[in-house]
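Coordinates in review
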Amino acid sequence: MSDVFVSYARPDEPHAKRIADALRAEGYAVWRDDELPAHRAYADVIEERLKAADAVVVLWSVEAAKSQWVRAEADMARSAGNLIQVTVDGSIPPLPFNQIQCADLTGWAGETDSAGWRKLIASVHAFAPKAVAESVASPGARSRRQRVCVCVLPFQNMSGDAEQEYFSDGISEDITTDLSKISALGVIARNTAFTFKGQSVNVCEIAAKLGVSHVLEGSVRKAGGRVRINAQLIDGTTGDHVWAERYDRDLEDIFAIQDEISKAIVAALKLKLLPEEKKAIERRGTSNVEAYNLYLLARQYWVNGNHGDPRREERVMRICQKAAEIDPYYAQAWALLGIAQANLRYGFGYQVDDGFAAAHSALAIDPGIGEAHIPMARRFEEKGRFDDALAELQKGLSVNPDSWELNKAIANFFMYRGRLAEATSHFEKAAAVMETDYHAWGMLMGCYHSAGDEDRATEAAKMTLEQVEQVLAQDPSNGAAISFGVSALAALGERDRAREWMERALLIDPDNLNMRYNFACALAKDFEDREGALRMLESSISRIQGSLGNTEFDPDLDSIRDDPRFHKIMADAKKRLGIKDAAASPGPKGSATTPVVS
């Protein structure tokens, strides 16, 4: 009997061998298909070994996602409840496996102290009984243990003010982040947990659906200088309360409350908290509650705002500047300020600081703020130093591979160069981190369509429309959201409805050039309306104040790229903007293919 079964695609065999050898060094019996006997049927042996394994480690990559064998093995492990996922190239698992956490071993060379390896080995320890008994379990430990895994549901906003939603969401995200730092605990990704936001849920049903042992739910009420937080940890099988507490304190105590909740959960679940994990939980970007509150507000505008409208950037800049003024050592505020400044400068042509100084301030305070590399990359890109720009983005991802902002930025960078496979991988990661990001889902529609994967393109269109409708329920005037909704509706065959949305949007937000560019793409790709696409494209490109970008490579415009009018539109824009090589420049003002973090 093997403790661990390793599933992988053939091109990833070097990764599989390295990981299998490292697991054997930990004392596990490991099986992978290099040990297939010559006298037996392949499928019979695979099924037998899968059923016998205590843990199934699936190595995901771009190639693995295409493999029917890997998908089938992962599905079997998911059903058995012993699936452990690893990404070896930074790509996220395909649907539906992207709802389960994934250890990141991108570029891993066997270091046993890396965060990705610690995450993997903690999961294997939880599933495979022999090594647990030898290393950490007591002599009387059970022969098989169910891994402890928790889902942090979005805390309810009980403040009586919908505008305070950003605060309760921020608390939920911070607790999720804190718990994710504990190697012995599995934590469902934020984006999956937030799909239940606003719903009346049955905790046991959620636990069964997500395969978790426990669910944390709670509520937040903030009024004046006071905050009340109710939190309860619930057993996913019985529905019983494992722990519950109410905190009614001054707002200044918010960080202490978050620490206490995380530590109380660790104690209730009888987990071992390593010293470095305790320090990581207690480490905050700021100790000033007012600055923290402002940062949460700014990030809400950044994530949910109308990209393509420079007022979003201006609003975020003002709020972050205030947060940094209150606490000059708040690195996250400096980083977001820098990103907004870079967008306004290079995406919209505004004469403002390009974010380079703010980014340096963020990194001087905390070198672990990966997002601060984005403004630096934007400056390098503007100067035509593309290798340096890519190096900056990769440097940021090396310290924060799960960053939504960084994955969006590098995805757009690759889109500019026609490197669709790499762009797709990072858009997938961004959508997994922030499932509500209709922009990432919308970009994936085009990526999958260009790759000839129409099933995935349709799935992405459905996700785009679902997220767009949620945004429009809060802000019906969000032109960017409407434009992606138009693309999704058209891709799903609802062209009449898409036309209605387009006409309404042009009345509501006529100056949003991002929106007009997206309409041009939809008209060219989904409506096959060459005339309409060229008119809409000209109405966007002829008015930009930034620079051209993926327009000449954008696969959505393939049907009109050979038209002389397309070349004239591009030539006129390049002449007006003084651009010699449009393909190497950052993108239309606020366009969907601009390297903005939207």
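From a predicted model like this one, the values you see are computed outputs, not experimental measurements.

Of the regular secondary structure elements, the protein chain holds 26 helices and eleven strands. Relative to its 598 residues, the protein chain shows a buried fraction of 56%. Counting contacts in the protein chain only where the partners sit at least 6 residues apart, residues at least 24 apart contribute 64% of the total. Carbon and sulfur atoms form 48% of the exposed surface of the protein chain, whose accessible area is close to 24700 Å².

Below, the discussion takes up the packing of aromatic side chains. Applying the stated criterion to the full structure yields seven aromatic pairs. Ring geometry for F255 versus Y292: centroids 5.0 Å apart, planes at 75°, classification edge-to-face. With a gap of 37 residues between them, F255 in helix α10 (residues 254-268) and Y292 in helix α12 (residues 289-304) connect regions that are remote in the sequence. Y292 matches F255 in its accessibility class, with the two residues each being buried. Centre to centre, the rings of F348 and Y350 are 6.4 Å apart; their planes meet at 75°, and the pair counts as edge-to-face. We note R312 situated over the ring of W302; from NZ or CZ to the ring centre the distance is 3.8 Å.

The next subject is helix α14 (residues 331-347). Here α14 spans 23 Å end to end across 17 residues, near enough to the 24 Å set by a 1.5 Å rise per residue. Counting buried positions along α14 gives 14 out of 17 residues, so the element sits mostly inside the fold. Where α14 terminates, the next one or two residues include G349, which has phi positive at roughly 75°.

What follows covers the sheet that holds strand β1 (residues 4-7). Spatially, five strands are ordered β2-β1-β3-β4-β5 in an open sheet, and the strand pairing comes out parallel. Either end of the sheet is taken by a strand with one partner, and the two such strands are β2 (30-31) and β5 (103-104). Pairing geometry for strand β3 (residues 55-60) and strand β4 (residues 83-87), over five bridges, is parallel. What sits directly across from V56, in β4, is L83. In the packing of helix α5 (residues 115-127) onto the sheet, the strands contacted are β1, β3, β4 and β5, and the crossing angle to β4 comes to about 165°.

Counting 121 residues, the largest nonpolar core has F167, L216 and I261 as its most contacted members. Among the elements that line this core, the one with the most residues is α12, at ten residues. What F167 contacts, discounting residues up to four positions off in sequence, is V220, K222, V227, L251, I254, Y292, N293 and L296.

Tracing the backbone through its elements, the reader meets S7 in strand β1. On the basis of relative accessibility, which here comes to 1%, the residue S7 falls in the buried class. Here the side chain of S7 touches E73 through a polar contact of 2.4 Å, side chain to side chain. When neighbours within four sequence positions are excluded, S7 is seen to be in contact with V57, V58, L59, V70 and E73.

Another point: the pattern of salt bridges. The tally for this structure, following the rule as stated, stands at 34 salt bridges. Across the pair R226 and D250 runs a salt bridge, and its minimum N-O distance is 2.7 Å. Of this pair, R226 sits in strand β10 (residues 226-235) while D250 sits in strand β11 (residues 241-250), placing them 24 residues apart in sequence. Of the residues examined, D250 reaches a relative accessible area of 39% and is grouped as partly exposed. A salt bridge links K322 to E325; the nearest nitrogen and oxygen atoms lie 3.6 Å apart. You can see K322 and its partner E325 sitting in helix α13 (residues 310-326), three residues apart, about one turn around the helix.

Let's shift gears to helix α24 (residues 513-525). Spanning 13 residues, α24 covers 18 Å between terminal C-alpha atoms, matching the ideal 18 Å at 1.5 Å per step. Most of α24 sits inside the fold, with 13 of its 13 residues counted as buried. Sitting at the amino-terminal end of α24 is N512, which places a side-chain oxygen 3.1 Å from the backbone nitrogen of N514.

Turning our eyes to something else, we now look at unusual backbone geometry. Located in the positive-phi region is E528, a residue other than glycine, with phi close to 55°. You can call E528 exposed: its relative accessible area is 67%.

So, about the pairing of β3. On any regular strand, side chains alternate: one points to one face of the sheet, the next to the other face. Where burial is concerned, most of β3 is hidden: six out of the six residues are buried. Neither face of β3 is left uncovered, since the one carrying A55, V57 and L59 and the one carrying V56, V58 and W60 both have all their residues buried.

On to the confidence of the model for the protein chain. Per-residue pLDDT for the protein chain has a mean of 82; in total, 87% of the residues score no lower than 70. Mean pLDDT across the elements of the protein chain ranges from a minimum in helix α6 (residues 129-135), with 40, to a maximum in helix α15 (residues 356-365), with 94. This stretch, residues 130-146, has a pLDDT under 50; its non-local contacts, to residues over four places away or in other chains, come to 19 contacts. The low-confidence segment residues 582-598 (pLDDT under 50) makes 96 contacts with residues lying over four places distant or belonging to another chain.

Moving on: the packing of helix α7 (residues 165-180) against α12. Between α7 and α12, whose axes approach to 9 Å, the crossing angle comes to 100°. Between α7 and α12, the interaxial angle falls into the category roughly perpendicular. In this structure, α7 uses Y166, F167, G170, I171, E173 and D174 to contact α12, whose residues at the interface are Y292, N293, L296, L297, R299 and Q300. Residue composition of the contact of α7 with α12, by class: six nonpolar, three polar and three charged.

Looking now at the environment of Y28. By secondary structure assignment, the location of Y28 is in the loop between α1 (13-25) and β2. For Y28, a relative accessible area of 4% translates into the label buried. Separated by 25 residues in the primary sequence, Y28 and D3 place their C-alpha atoms 6.0 Å from one another.

Thresholds applied
Residues numbered from 1 in each chain as written. Predicted model: local features only at pLDDT ≥ 70, side-chain atom pairs only at ≥ 80, totals over all residues. Heavy atoms only, no water. Helix = DSSP H or I, 4+ residues; strand = E, 2+ residues; numbered from the N terminus. Buried < 20%, exposed > 50% of the residue type's maximum accessible area, 1.4 Å probe, protein only. Contact = heavy atoms within 4.5 Å. Areas by Shrake-Rupley, 256 points an atom, 1.4 Å probe, with all protein chains shown as cover. Phe/Tyr/Trp six-rings, centres within 6.5 Å; stacked < 30°, edge-to-face > 60°. Lys NZ or Arg CZ within 6 Å of the ring centre and 35° of its normal. Expected span 1.5 Å × (residues − 1). Pairing = 2+ DSSP bridges. Axes fitted to C-alpha atoms, helices over the stretch in contact; angles between N-to-C directions. Core = buried A, V, L, I, M, F, W, Y, C linked by side-chain atoms within 4.5 Å. Polar contact = N/O pair within 3.5 Å; in protein donor to acceptor, adjacent residues only side chain to side chain. Salt bridge = Lys/Arg side-chain N within 4 Å of Asp/Glu carboxyl O. pLDDT = per-residue confidence, 0-100. Parallel < 35°, antiparallel > 145°, perpendicular 65-115°, else oblique. Nonpolar A, V, L, I, M, F, W, Y, C, P; charged D, E, K, R; others polar.

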